[in-house]
Amino acid sequence: MIRALNITIPIMLKVNFSKNLTLELGPQAGFLLSQKNKFNPNDSITFDIAANIGLGYKVSKKLFAQARY
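Analysis parameters
Residues numbered from 1 in each chain as written. Predicted model: local features only at pLDDT ≥ 70, side-chain atom pairs only at ≥ 80, totals over all residues. Heavy atoms only, no water. Helix = DSSP H or I, 4+ residues; strand = E, 2+ residues; numbered from the N terminus. Buried < 20%, exposed > 50% of the residue type's maximum accessible area, 1.4 Å probe, protein only. Contact = heavy atoms within 4.5 Å. Salt bridge = Lys/Arg side-chain N within 4 Å of Asp/Glu carboxyl O. Patch = residues over 30% accessible without salt bridge, like charges linked within 9 Å, V, L, I, M, F, W, Y side chains within 5 Å. Areas by Shrake-Rupley, 256 points an atom, 1.4 Å probe, with all protein chains shown as cover. Phe/Tyr/Trp six-rings, centres within 6.5 Å; stacked < 30°, edge-to-face > 60°. Polar contact = N/O pair within 3.5 Å; in protein donor to acceptor, adjacent residues only side chain to side chain.

### Some words on the overall build of the chain
So, step 1. A tally of helices and strands in the chain yields zero helices and five strands.
So, step 2. Going residue by residue from the N terminus, the α and β elements of the chain occur as β-β-β-β-β.
So, step 3. Residues classed as buried in the chain amount to 13% of the 69 residues present.
So, step 4. Pairs at least 24 residues apart make up 44% of the contacts formed inside the chain by residues separated by at least 6 positions.

The structure is reproduced here in structure tokens:
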């Protein structure tokens, strides 16, 4: 069983195409804080960076749908 503790920090820019439709994009940084497994922890990757993109749709004032990749 692999157990790892990491933290991920996304920075997203939201672009409003209309009153209800938004596009979100930006970078994300991930940091491995701890890892407990049978492998050598000195060989572990402790930092990664990724790009995120997403769409949002506001249905009403209190309800919205959002998807990110």
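Now, onward.
### Regarding the pattern of salt bridges
So, step 1. Overall, the coordinates contain one salt bridge when judged by the stated rule.
So, step 2. A salt bridge links glutamate 24 to arginine 68, with the nearest nitrogen and oxygen atoms 3.0 Å apart. In this pair, glutamate 24 sits in strand β3 (residues 21–36) while arginine 68 sits in strand β5 (residues 64–68), placing the two residues 44 residues apart along the sequence.

### Some remarks on a nonpolar patch on the surface
So, step 1. Taken together, Leu13, Val15, Phe17, Leu21, Leu25, Ile53, Leu55, Tyr57, Val59, Leu63 and Tyr69 make up a surface patch of nonpolar side chains, about 1,100 Å² in accessible area.
So, step 2. Of all elements in the fold, only β2 (13–16), β3 and β4 (47–58) reach the threshold of two or more residues within the nonpolar patch.
So, step 3. Mapped onto the elements, leucine 55 comes out in strand β4.

### Digging into the packing of aromatic side chains
So, step 1. In the structure shown here, the tally under the stated rule is one aromatic pair.
So, step 2. Taken together, a centroid distance of 5.2 Å and an interplanar angle of 50° make the contact between phenylalanine 31 and phenylalanine 47 tilted. Placement of the pair is phenylalanine 31 in strand β3 and phenylalanine 47 in strand β4, with a sequence separation of 16 residues.
So, step 3. With a relative accessible area of 33%, phenylalanine 31 lands in the partly exposed category.

### Brief notes about the side chain of glutamate 24
So, step 1. For glutamate 24, a relative accessible area of 2% puts it in the buried group.
So, step 2. Only 2.6 Å separates the side chain of glutamate 24 from the side chain of glutamine 66, close enough to count as a polar contact.
So, step 3. With residues up to four places along the chain from it excluded, the contact list for glutamate 24 reads Met12, Leu13, Lys14, Asn52, Ile53, Gly54, Gln66 and Arg68.

These values are about where atoms sit, not about what they do.
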